[in-house]
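Spelled out, the chains give:
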Amino acid sequence: MTGQLSATAYPLSQFVLKVHGRCDLSCDHCYVYENADQSWRVKPVAMSVDVVHAAAARIGAHAAAWGLPAVHVVIHGGEPLLLGLERMRAVLAELSSTITAAAPLTRLSLVMQTNAVRLDPAMCDVLKEYGVRVGVSLDGDRLANDRHRRFANGNSSFDKVRTALALLRTPKYRELYAGILCTVDIRNDPEAVYRAIAAEEPPGIDFLLPHAHWGAPPYRPDGDPTPYATWLAVIHGRWLADGKPMHIRMFDSLHSTAGGGRSGSEQLGTDPADLAVIDTNGDWEQSDAVKTSFDGAPGTGMNVLTHSVDQVSAYPAIAMRQEGAGRLSETCRACPVVAQCGGGLYAHRYRPGHGFDNPSVYCDDLSALVSLVNAVTAPGAADAKPDDPALPPGLFDQVATGHGDEATMAWLARAELTITRSLLFSVVGLHGRTDAWDVLNRVEADRPDEVHRILRHPYVRVWAVDQLGEEPAGDPGHLAVLAAAAAVRAGLGAEIEVPVQRGVLHLPTVGTVYWPAPVDTTARLVSGPEGFTVRGPDRTLEIRLDRPAQPHWQPARWVELDGWRLRIEDGDPLRDCHQWPVAGRLGDDDDRAWRAGLAEAWRIIADEVPGYVPGLRHGLHTVVPLEADPAGAVRASTARNAFGSVASVLTDPAELAVVLTHEFQHGKLGALLDLVDLFDTESPVRLRVGWRPDPRPIEGVLQGVYAHAAVADVWGVRARRADDPVARETFQRYHGWTVAALEALRDTDALTPLGRRFVDRLGDTVAERSAR
C-alpha cells in the first residue's frame, strides 16, 4: 500500500522491531500468519545486523531531532526468542548503544512481546542486562489458552508458558515482568480467564479484541447484540471487586478518558497512534493489526535503509492517526462516546471497497462497554447503591421485583450458559482431552449456536456438577453424547463412541434412541447432514431427523407457545434429579395431553400475570413429566443445577399455570444466587415458616418467599376477577406466608447488604401488589 506523503511530519515514539519472522507456535488467530497479508512468506527469517543498525540509527536521529523524552522499542516477531541467546544479545547491544549515542537525553524503553515457551534463566539474564521488560501472551486458563495457542502438532503451550511466568515472578527476574496479553474469545468463561491470569500476578493485562473487520466480522452468538461488552463487563466487575490488583489497559483507558484524561491505548480513545513497525527486511510498515485487512495492507513503500522516521510519519495512513477525532469517520465524530471509544482499533474499521473510513466492526460493543464502565465508576455511583459489579445496571432490582424483563432474563440465561461452559471445561481438565472434546470444538468453530443450544440443556450442568463432586457420579463419557448431539444438530460429519445406559442413548435437544433391551453398552454414532447411524454390538440403527417417532427413536418433543418453544423432556436419564420420580417415555395420548395442557396454561399465565411472561419465555425451555402421585396430589419441583427446567405432574391447566409460575421463580433466583451472595452461606440460622413444619435455612426461606410471592400474585388476580372465596383464601394464605417470612429474614443478621436490599425490594413489591 503506497500513498502521497503528508506535508507535515510528526514525532513518533513507539517502534516495533520484527527481529524474527517465524514462530514456534501455530496460533489460529494470529494476524501475521493466518490472515489476509502473507508478506512474511517472502521476507527474511530474521533481521540482519545491517537492518538492526539502520533501524537504531533512524530511531536515535528522530528522537534527537524532536527532543523526545523517551522512545519505546518493542522486540517482536514472529517469536523473538527464536533469535537465540547470542543474536538476541547482539540486537539489544546494537539498539542500546546506537540509540543512546544518537539521543543521549532520550530515555530508551525496551520491551519484548513473546509467547515465552523458550524463555529460560539464561535468556532472562541477557534481558536483565539490557533492561528489557517482558510481556507474555496467555489467553487464560488451560482450556481457553489451548483453544488457539498451540504448537503446529496440536500440542498445548500452556504448561511451558506458565513455567516462564513462574520464572518471571521470582525475585531475581521480577523486574522484567511487564504483564500478560490476552486475546478475547467470548466462548471462554470470562471469570475463569480473569482468575487464571490474575493468578499469574502480572503487573498489567492487555485484553485485545480478536482481529476482525466489516468484511470478516467477529463471531457473535445469538441472543446478545453486544457479547464482547458483556464478556468484558464481567471482568471489569471482578477487577473492581478485587480492588484493581493490577493495571488493565483497556479499563484504565476508559476510566481515564471518562474524566477527560489520556487513553494510553491504541484500542481506545483519541490519543495519537505514534507507532511504526520495522519488518525483518527493514520495511517500514503501519501497525501489524492491519494485516487482517488485505494483502499488502501495512506496507508504506519505505525502508529503514532509505527513509527516515519523519518520512514515515508523513505517510497518509500514519499521519492521519496523529490528528485525533477529527480524522475519524463522520459516524464516529457524531457519537457521544467518541472521546472514550476513539473509533476503536484502526484495523477493525476496515470495510472492503470503503477502506478505513468507518466505525469499528465492534462499534456497538464499544459503546455498550463505555456505558457499562461509566455506570459503575461515575462520581456518586457508590452512593446510588449499584448492583454487584458482576451484574449490568438495573438487573438486580428487576429480579428482586419477582419479574424481570426480556433483557434481564436473556442476560441471566447467558450467565448460566457461561457457568455451564466453565464447569464443562473443568470436567475436561479433570479427565483429559478426548476425541469427543475435539469434535465439540470443531462443531463450535463452524456452528457455535448449535453447541450453545446443547449446553443450555438443563441437565448438562447437573452432569458436570456430579462429575466434579467429591464422589463423582455419572458417566464421564457423557461428553461424547454432547459432542454427538452438537454434530447431529449442525449436520456435520463425525464419528464418536457414545455410551448407552440402561438401553437409552439420549442426545440433548435432538431426541432419544431406545435399545430393545435395558443394556449398558457402547455404540459408534456416525453423524451426517440428514441424520445419524448408531452401530452397537448387536445391531445398527439408522435415524433420519425428518422421520416421525418409531419404537427405537423419539425425536425431541417441542410445544409451540405463542412465538416460543418449550421442550417436553421424557428421555434424558439425567433428568432424574428432581424431588419426585420422573415419568417414562410418553405414549401418544399423554403427549397430546401435555401439549394441550401447556398451551392452555401458557394462555392463562399471559392473561392473569403477564409480568412473569418475559422470564418464562426467555428462561424456561424444558418441562419434565413426573409420575403421578397415587393420592392425586400435585407434584412439582426444580433442581438447583438445572436452570431452565421445571418438573411436574400433568394437572389441569389452571393449576399447571400456577406450577410453572411458581417453580420457575426458584430457577430464576438460583441463577441470581450463582452470581451474587445474598446471605452468609456459613450461617447456622434456621427460620420457621408457614409453609413447612421444620425450620428452614436462609436460602430455603429466600426461595420460598420468592416463589410464594408469585403464587400469591396469581391467586390475587383470580380472587379479584371472580370474587371466589377459595381463590381469596388461597391468596391470603400465600400472601401471609410471604409477608411473615420476609419479616423474619429482616430480623436476622444472616443477610448480606445486597441480600437486605433484595428482601426490601421484594417486600415493597409484595405490598404494592396486595394493595391493588
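As shown above, the structure is provided for reference.
In this report, the structure presented in the accompanying data block is examined. (Residues numbered from 1 in each chain as written. Predicted model: local features only at pLDDT ≥ 70, side-chain atom pairs only at ≥ 80, totals over all residues. Heavy atoms only, no water.)

1. As for the packing of helix H2 (residues 85-102) against helix H3 (residues 121-129)
Moving on, step 1. Relative orientation of the contacting elements H2 and H3 amounts to 5 degrees, with a least axis distance of 10 Å. When the interaxial angle is binned, H2 and H3 end up roughly parallel. Side by side, H2 and H3 meet where Leu85, Met88, Arg89 and Leu92 of the first sit next to Ala122, Met123, Val126, Leu127 and Glu129 of the second.
Moving on, step 2. Its residues assigned to classes, the contact of H2 with H3 shows 7 nonpolar, no polar and 2 charged. (Axes fitted to C-alpha atoms, helices over the stretch in contact; angles between N-to-C directions. Helix = DSSP H or I, 4+ residues; strand = E, 2+ residues; numbered from the N terminus. Parallel < 35°, antiparallel > 145°, perpendicular 65-115°, else oblique. Contact = heavy atoms within 4.5 Å. Nonpolar A, V, L, I, M, F, W, Y, C, P; charged D, E, K, R; others polar.)

2. Considerations on the packing of aromatic side chains
Moving on, step 1. Tallied over the full model, the rule gives 14 aromatic pairs.
Moving on, step 2. Ring centres 5.1 Å apart and planes at 45 degrees place the aromatic pair Tyr350 and Phe356 in the tilted group.
Moving on, step 3. Judged by relative accessible area, which is 11%, Tyr350 ranks as buried.
Moving on, step 4. Cluster of aromatic residues (ring-pair linked, three or more members): Phe294, Tyr346, Tyr350 and Phe356.
Moving on, step 5. In this structure, Arg351 packs its charged tip against the face of Trp214, placed 4.4 Å from the ring centre.
Moving on, step 6. Sitting above the plane of the Trp715 ring, Arg718 keeps its charged end 4.9 Å from the centroid. (Phe/Tyr/Trp six-rings, centres within 6.5 Å; stacked < 30°, edge-to-face > 60°. Buried < 20%, exposed > 50% of the residue type's maximum accessible area, 1.4 Å probe, protein only. Lys NZ or Arg CZ within 6 Å of the ring centre and 35° of its normal.)

3. Concerning helix H25 (residues 753-770)
Moving on, step 1. The terminal C-alpha atoms of H25, which comprises 18 residues, lie 26 Å apart, in line with the 26 Å expected from a rise of 1.5 Å per residue.
Moving on, step 2. Along H25, the residues classified as buried are Leu754, Gly755, Arg757, Phe758, Val759, Leu762, Gly763, Thr765, Val766 and Arg769.
Moving on, step 3. The inward-facing, buried residues of H25 contact helix H14 (395-400), helix H22 (653-673), helix H23 (698-722) and helix H24 (725-746). (Expected span 1.5 Å × (residues − 1).)

4. Comments concerning the sheet that holds strand S22 (residues 645-648)
Moving on, step 1. One open sheet holds the 5 strands; their spatial order is S18-S19-S20-S22-S21, and the pairing between them is mixed. The open sheet is flanked by strand S18 (557-561) and strand S21 (636-637), the only strands paired with a single partner.
Moving on, step 2. Note that strand S20 (residues 622-625) and S22 share 4 bridges and pair parallel. From the neighbouring strand, Thr622 faces S22, where its bridge partner is Ser645.
Moving on, step 3. Its contacts with the sheet put helix H18 (residues 458-467) on strand S19 (564-568), S20 and S22, and the angle it makes with S20 is roughly 75 degrees.
Moving on, step 4. Relative to the sheet, H22 contacts S20, S21 and S22, its axis offset from that of S22 by approximately 135 degrees. (Pairing = 2+ DSSP bridges.)

5. Regarding the packing of H22 against H23
Axes are the key here: two packed helices are described by the angle between their axes and the distance separating the axes.
Moving on, step 1. Packing of H22 against H23 brings their axes to within 9 Å, and their N-to-C directions diverge by 145 degrees. When you trace H22 past H23, the crossing you get is right-handed. Residues Ala654, Ala657, Val658, Thr661, His662, Gln665, His666, Lys668, Leu669, Gly670 and Leu673 of H22 pack against Glu699, Leu702, Gln703, Gly704, Tyr706, Ala707, His708, Ala710, Val711, Val714, Trp715 and Arg718 of H23.
Moving on, step 2. Per-class residue counts for the contact of H22 with H23 are 12 nonpolar, 8 polar and 3 charged. (Left-handed = near helix turned anticlockwise from the far one by under 90°.)

6. Topic: the pairing of S22
It is a general feature of regular strands that their side chains alternate between the two faces of the sheet.
Moving on, step 1. Burial along S22 is two-sided: Ser645 and Ala647 and Val646 and Ser648, pointing in opposite directions, are all buried.
Moving on, step 2. Strand direction decides the pairing type here: S21 and S22, joined by 2 bridges, are antiparallel. Following the sheet pairing, Ser637 is matched in S22 by Ala647.

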